[in-house]
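Examining the three-dimensional arrangement
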Amino acid sequence: MVVLGIETSCDECAAAVVHNGIVLSNVVATQIPFHSKWQGVVPEIASRMHTEWIYDVAGEAIKRAGLKIADIEGAAATAHPGLLGSLLVGLHFAKAFAWARNLPFIAVDHLLAHLYASRLVIEGQDVCSADYPFLGLLVSGGHSVICRVDNFDDVTVLGTTVDDAAGEAFDKIAKHYSFGYPGGAAIDKLAQKGNSEAFKFPMPNLYKPYKQGNDARYDHRYDLSYSGLKTAVVNQLEQFRVLPDTTDADIAASFQKTAVEILLRALFRAVEDTGLQTIVAGGGVAANSYLRTRLEEYVHTADNKQTELKIYFPPLELCGDNAAMVAGLGEQYLLRGDRSPLNVSASARVRAFKRR
Ligand code: KG4
Ligand code: ZN
């Protein structure tokens, strides 16, 4: 099925065409230059720009796919979570497109779309063909979630952040030190030149084992926290200085290492406990080079007990916000016969995840 996907949940105005899981086009018009002055996304600017751009961006996606409007067989758009004003623009555009062409329409969840991204086929790139169930590592600007994924629409949260998201911590630290905007990519780049052992930042201690009768129980076993690390890096730097003459790059590298190790500690506990042998990552932070290297190392270390373990990352262009993941996930729903009513509304909050 040829599906047009639309994504406007934050500051990327994106449209894409997917057919049988193959990405035919993937257009992302970024608003980064318009928000960089404020070192963060200004919601009002974002929604206004989506309104101005969405028509051309969607047209460009159809053109780059080598198709005509009449070739599109279904439409999908992100409905949640995200900035409400921004979401509404893309959602209503896609609904109007489907209504005008009498096409099936589906509203999708942005986080499920991130988790689906690695299954999409882009020419020349590896594709994830992992069977369900697997462990999902969803790390973006607004969310950090370790989950069990039983199907493209069946996700159970095992652990999540109790305060800031991982990407949010990257963004706030980059903003504080003026490392660049957006923060995650800027820190990743700066950290390449730094010494990650220069500062020893604290790891949060959320995990509390306790006994109930004869059973061992755990609180927060897979949960994450970033506010302590953020405070340490921003306000208490001198307390954690272990090497003299440290540079910005050392701060970036030491922070990045700690931020990623926080994620991995919880993730590896989940691997151990669930016995699931496949990890699928998604979201903007999944582009992080230290995270990718550490996970590959973990999987490929010869003396690692988890020799069967496999890890899949989306191609870099599908880690951050894009509409190919929306079209791809939308195609799955539409092929199953699912349809959203045209009065479906947007929501700022996550709706699609089950809790344990
Ligand atoms: O998935 P995404 O594009 O948007 C949301 O759904 O939030 O994720 C954006 C987040 C931002 O916090 C950004 O700083 C972070 O992903 N990010 C990175 C990298 N590239 C983007 N974080 C760490 N390393 C990167 N290379
Ligand atoms: Zn996202």
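Rules used throughout
- Residues numbered from 1 in each chain as written.
- Chains lettered and ligands numbered in written order.
- Predicted model: local features only at pLDDT ≥ 70, side-chain atom pairs only at ≥ 80, totals over all residues.
- Heavy atoms only, no water.
- Near = heavy atom within 4 Å.
- Polar contact = N/O pair within 3.5 Å; in protein donor to acceptor, adjacent residues only side chain to side chain.
- Areas by Shrake-Rupley, 256 points an atom, 1.4 Å probe, with all protein chains shown as cover.
- 1 Å grid on protein atoms, 1.4 Å probe; cavity = no way out; pocket = protein on both sides within 12 Å on 5 of 7 lines; lining within 4 Å.
- Sits in = over half its atoms within 2 Å of the grid points.
- Helix = DSSP H or I, 4+ residues; strand = E, 2+ residues; numbered from the N terminus.
- Nonpolar A, V, L, I, M, F, W, Y, C, P; charged D, E, K, R; others polar.
- Salt bridge = Lys/Arg side-chain N within 4 Å of Asp/Glu carboxyl O.
- Buried < 20%, exposed > 50% of the residue type's maximum accessible area, 1.4 Å probe, protein only.
- Points joined across faces, edges and corners; volume = space filled by probe spheres on them.
- Pairing = 2+ DSSP bridges.
- Axes fitted to C-alpha atoms, helices over the stretch in contact; angles between N-to-C directions.
- Contact = heavy atoms within 4.5 Å.
- Parallel < 35°, antiparallel > 145°, perpendicular 65-115°, else oblique.
- Patch = residues over 30% accessible without salt bridge, like charges linked within 9 Å, V, L, I, M, F, W, Y side chains within 5 Å.
- Core = buried A, V, L, I, M, F, W, Y, C linked by side-chain atoms within 4.5 Å.

Comments concerning the site of ligand 1
Taken together, 18 residues sit near ligand 1, with Gly 141, Asp 171, Gly 184, Asp 188 and Asn 288 positioned nearest. Between His 110 and ligand 1, the recorded distance is 3.1 Å, taken from a side-chain N or O atom to an oxygen atom. Here an oxygen atom of ligand 1 sits 2.9 Å away from a polar atom, N or O, in the main chain of Gly 184. Coverage of ligand 1 by the protein chains reaches 84% of its 550 Å² of free accessible surface. The site holding ligand 1 turns out to be the largest pocket. Put simply, the parts of the chain that give the shell around ligand 1 at least two residues each are α4 (110–116), α5 (166–177) and α6 (183–191). Partitioned by chemical class, the residues of the shell around ligand 1 number four nonpolar, 11 polar and three charged.

Some points on the pattern of salt bridges
Inspection of every chain in the model, using the stated rule, returns 13 salt bridges. Here Asp 154 makes a salt bridge to Lys 354, at a shortest N to O gap of 2.6 Å. You can see Asp 154 sitting in strand β8 (residues 154–160) and its partner Lys 354 sitting in strand β13 (residues 353–355), a full 200 residues away along the chain. In this structure Asp 154 comes out as partly exposed when scored by relative accessible area, which is 23%. Within this structure, Asp 164, Glu 168, Lys 172 and Lys 230 form a network of salt bridges that share partners.

Overview of unusual backbone geometry
Along the chain, His 80 connects to Pro 81 via a cis peptide bond; the corresponding omega equals -15°. As for its placement among the helices and strands, Pro 81 is situated in the loop between β4 (74–80) and α3 (84–101). With an omega of -5°, the peptide bond between Tyr 181 and Pro 182 qualifies as cis. Mapped onto the fold, Pro 182 is located in the loop between α5 and α6. Phi angles above zero are rare outside glycine, and Asn 20 is one such case at about 50°. Inspection of the secondary structure assignment puts Asn 20 in the loop between β2 (12–19) and β3 (22–30). A positive phi angle, close to 60°, is found at Asn 102, a residue other than glycine. Note on Asn 102: relative accessible area 71%, which makes it exposed.

What about the layout of surface pockets?
Computed from the structure, the largest pocket encloses a volume of approximately 1,300 Å³. Around the largest pocket, the lining comprises 45 residues; the ones closest to its centre are Cys 10, Asp 11, Ser 140, Gly 141 and Asp 171. Mapped onto the lining of the largest pocket, the elements with two or more residues apiece are α4, α5 and α6. Here the element with the most residues in the lining of the largest pocket is α5; it accounts for seven residues.

Some remarks on the sheet that holds strand β7 (residues 144–151)
Pairing in this open sheet of six strands is mixed, and the strands run β12-β11-β6-β7-β8-β13 from one edge to the other. Strands with a single pairing partner mark the edges of an open sheet, and in this sheet they are β12 (310–312) and β13. Ignoring strand direction, the axes of neighbouring strands in this sheet form an average angle of 30°. Of the strands in this sheet, β6 (134–139), β11 (278–282) and β12 are in contact with helix α9 (residues 289–300), which crosses β12 at around 160°.

A few points about the environment of Ala 249
Assignment of secondary structure puts Ala 249 in helix α8 (residues 248–274). Along the backbone, Ala 249 and Gly 59 are 190 residues apart, and their C-alpha atoms lie at a distance of 42 Å. The residues touching Ala 249, leaving out its near neighbours within four places in the chain, are Leu 190, Ala 191, Lys 193 and Gly 194.

Structural notes on the packing of α5 against helix α7 (residues 227–235)
Contact geometry for α5 and α7: axes closest at 10 Å, N-to-C directions at 10°. On the basis of their axis angle, the class for α5 and α7 is roughly parallel. Judged by residue contacts, Lys 172, Ile 173, His 176 and Tyr 177 of α5 engage Lys 230, Val 233 and Val 234 from α7. Broken down by class, the residue content of the contact of α5 with α7 amounts to four nonpolar, one polar and two charged.

What about a nonpolar patch on the surface?
On the surface, a nonpolar cluster with roughly 260 Å² of combined accessible area is contributed by Ile 22, Leu 24, Val 121 and Val 127. Examined against the element boundaries, Val 127 turns out to sit in the loop between α4 and β6. Using a relative accessible area of 36% as the deciding quantity, one classes Val 127 as partly exposed.

Here we look at the nonpolar core
Membership of the largest hydrophobic core comes to 54 residues, with the highest contact counts inside it found for Leu 137, Phe 179, Phe 201, Tyr 226, Phe 255, Ile 279 and Leu 295. Contributing elements (two or more residues each) for this core: β6, α5, α6, α7, α8, β11 and α9. With 15 residues, the top contributor of residues to this core is α8. Once you skip the residues sitting within four places of it in the chain, Ile 279 turns out to touch Leu 135, Leu 137, Leu 267, Val 271, Leu 295, Leu 309, Lys 310, Ile 311 and Tyr 312. In this structure, Ile 106, Leu 120, Ala 130 and Leu 334 belong to the second largest nonpolar core, which totals 39 residues.

A closer look at the sheet that holds strand β5 (residues 105–109)
If you trace the five strands from one edge of the open sheet to the other, you get β3-β2-β1-β4-β5, paired in mixed fashion. Either end of the sheet is taken by a strand with one partner, and the two such strands are β3 and β5. Strand-to-strand twist of the sheet, defined as the mean angle between neighbouring strand axes without regard to direction, takes the value 20°. Sheet topology note: the β4/β5 ladder contains five bridges and is parallel. Of the residues in β5, the one forming a bridge with Thr 78 is Val 108. Where α3 meets the sheet, its contacts fall on β1 (2–7), β4 and β5, and the angle it forms with β4 comes to roughly 155°.

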